[in-house]
Amino acid sequence: MTLQWTAVAFFLYAEIALNLILCIPFISARRWRSVFNWRIWNWLTPYWNKCFFTMIMVLIVLFLDAVREVHKYSGAEPMHDVKMNPNLFDNVHMKLFRAQRNLYISGFSLFLWLIMRRTVTLLNQVAVTVDNSAGLQAQMDSAVKVAKQHQDDNLKLKQALLNEEKAMSAKNQVLKLDSEKLADQVKTSEEAVRKSYAEVEAMKRQAKGLAQEYDRLLTEHSQLQNVKSGDKKDL
């Protein structure tokens, strides 16, 4: 294996190890996000995209070169040479095997490189989603608590209004009874006043009759006095 393919193989092994570490189930996305927020990554951020696309281009070139080698050693011309010279059979198959191995190494390296980038992005997104959901859960709990407090306040207010309504109803009942008593008293007073007016009128009529009788008696008395005076003169 040449130096470049040895480097690609070690790169593939490193990718496999990193992807396995990123997929460890007991390490949460929030912990990975805290790791990704280290200062060293912030310092490497300007170079990360360049390095990422550079590795993609290198792996694509190596993958295409491996495809070319596979096509070269699996074509009709090498098979023809093998038939012409049977001693080349093992050599051609060895080169074809190496080309296929290089194809798989470069292909899986490119694939895992993209998978690793996507995995890191998804871990960050999951961590952000978890933080947002935790914030939303806290807001929801606060809203539920406030709603429950408002519900309790409304129940207390309804109870207070009901008690006040009962008190007002009792007061209205008492006032109604008092007004009925006052109405009865007023009616009794009016009857008493009517009786008083009737007695006064009767007394007025009686006084008027007495006055008329007194005047009649006074007239009769005067007439009798005059009669007596005339009898004395005649004697």
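Bear in mind that the values here come from a model prediction, so they are computed numbers and not experimental data.

### Regarding the overall build of the protein chain
Helix and strand counts for the protein chain come out as five helices and zero strands. Moving toward the C terminus, one meets the helices and strands of the protein chain in the order α-α-α-α-α. Carbon and sulfur atoms form 64% of the exposed surface of the protein chain, whose accessible area is close to 18,900 Å².

### Examining the packing of aromatic side chains
Taken as a whole and judged by the stated rule, the model has four aromatic pairs. Relative to Phe53, the ring of Phe52 lies with its centre 5.4 Å away and its plane at 75 degrees, an arrangement referred to as edge-to-face. One cation-aromatic arrangement involves Arg117 over Phe52; the distance from NZ or CZ to the ring centre is 4.4 Å.

### A closer look at the nonpolar core
If you look at the biggest cluster of nonpolar residues, it comprises 21 residues, and the most contacted ones within it are Trp5, Val8, Ile56, Leu59, Val70, Ile105 and Trp113. When contributions to this core are tallied by element, the ones reaching two or more residues are α1 (3-22), α3 (39-73) and α5 (89-234). Counting residues per element, this core draws most heavily on α5, which supplies nine residues. Excluding anything up to four places from it in sequence, Leu59 contacts Val8, Phe11, Ser106, Ser109, Leu110 and Trp113.

### Structural notes on the pattern of salt bridges
If charged atoms from side chains of opposite charge come close, those side chains can pair. Applying the stated rule across the entire model yields five salt bridges. Among the ionic pairs, Arg68 bridges to Asp65, the shortest N-O distance being 2.8 Å. Here Arg68 pairs with Asp65, and both are found in helix α3, just three residues apart, close to one helical turn. For Asp65, a relative accessible area of 25% corresponds to the partly exposed category. Notably, a salt bridge pairs Arg194 with Glu190, separated by 3.8 Å at the nearest N-O pair. Of this pair, Arg194 and Glu190 both sit in helix α5, four residues apart, roughly one helical turn. Residues joined by salt bridges that share partners form a network here, namely Asp65, Arg68 and Glu69.

### Section: the confidence of the model for the protein chain
With 83% of its residues at a pLDDT of 70 or more, the protein chain has an overall mean of 79. Confidence, read as mean pLDDT per element, is least for helix α4 (residues 76-84) in the protein chain (52) and greatest for α1 (86).

### As for α1
Its 20 residues place the ends of α1 28 Å apart at the C-alpha level, agreeing with the 28 Å of an ideal helix rising 1.5 Å per residue. Within α1, burial applies to Trp5, Val8, Ala9, Leu12, Glu15, Asn19 and Leu22. What you see down the axis of α1 is that its buried residues fit within an arc of 150 degrees, all on one side. For α1, exposure combined with an orientation more than 90 degrees from the buried face picks out Leu3, Phe10, Tyr13 and Leu20.

### Describing a nonpolar patch on the surface
A contiguous nonpolar patch, built from Phe10, Tyr13, Ile16 and Leu20 and spanning about 460 Å² of accessible area, is present on the exposed surface. You can see Phe10 is positioned in helix α1.

### Quick notes on the side chain of Thr119
Among the structural elements, Thr119 can be located in helix α5. Here Thr119 falls in the buried class, since its relative accessible area comes to 16%. If sequence neighbours within four positions are ignored, Thr119 has contacts with Asn19 and Leu22.

### Overview of the side chain of Glu15
Note that Glu15 resides in helix α1. No salt bridge is formed by the buried Glu15; its nearest oppositely charged neighbour, Arg117, is found at 12 Å. Here the side chain of Glu15 touches Trp113 through a polar contact of 3.2 Å, landing on its backbone nitrogen. If we skip the residues at most four places from it in the chain, Glu15 touches Phe108, Ser109, Leu112 and Trp113.

Cut-offs applied
Residues numbered from 1 in each chain as written. Predicted model: local features only at pLDDT ≥ 70, side-chain atom pairs only at ≥ 80, totals over all residues. Heavy atoms only, no water. Helix = DSSP H or I, 4+ residues; strand = E, 2+ residues; numbered from the N terminus. Areas by Shrake-Rupley, 256 points an atom, 1.4 Å probe, with all protein chains shown as cover. Phe/Tyr/Trp six-rings, centres within 6.5 Å; stacked < 30°, edge-to-face > 60°. Lys NZ or Arg CZ within 6 Å of the ring centre and 35° of its normal. Core = buried A, V, L, I, M, F, W, Y, C linked by side-chain atoms within 4.5 Å. Buried < 20%, exposed > 50% of the residue type's maximum accessible area, 1.4 Å probe, protein only. Contact = heavy atoms within 4.5 Å. Salt bridge = Lys/Arg side-chain N within 4 Å of Asp/Glu carboxyl O. pLDDT = per-residue confidence, 0-100. Expected span 1.5 Å × (residues − 1). Arc of directions from axis to C-beta. Patch = residues over 30% accessible without salt bridge, like charges linked within 9 Å, V, L, I, M, F, W, Y side chains within 5 Å. Lys, Arg positive; Asp, Glu negative; His and termini not counted. Polar contact = N/O pair within 3.5 Å; in protein donor to acceptor, adjacent residues only side chain to side chain.

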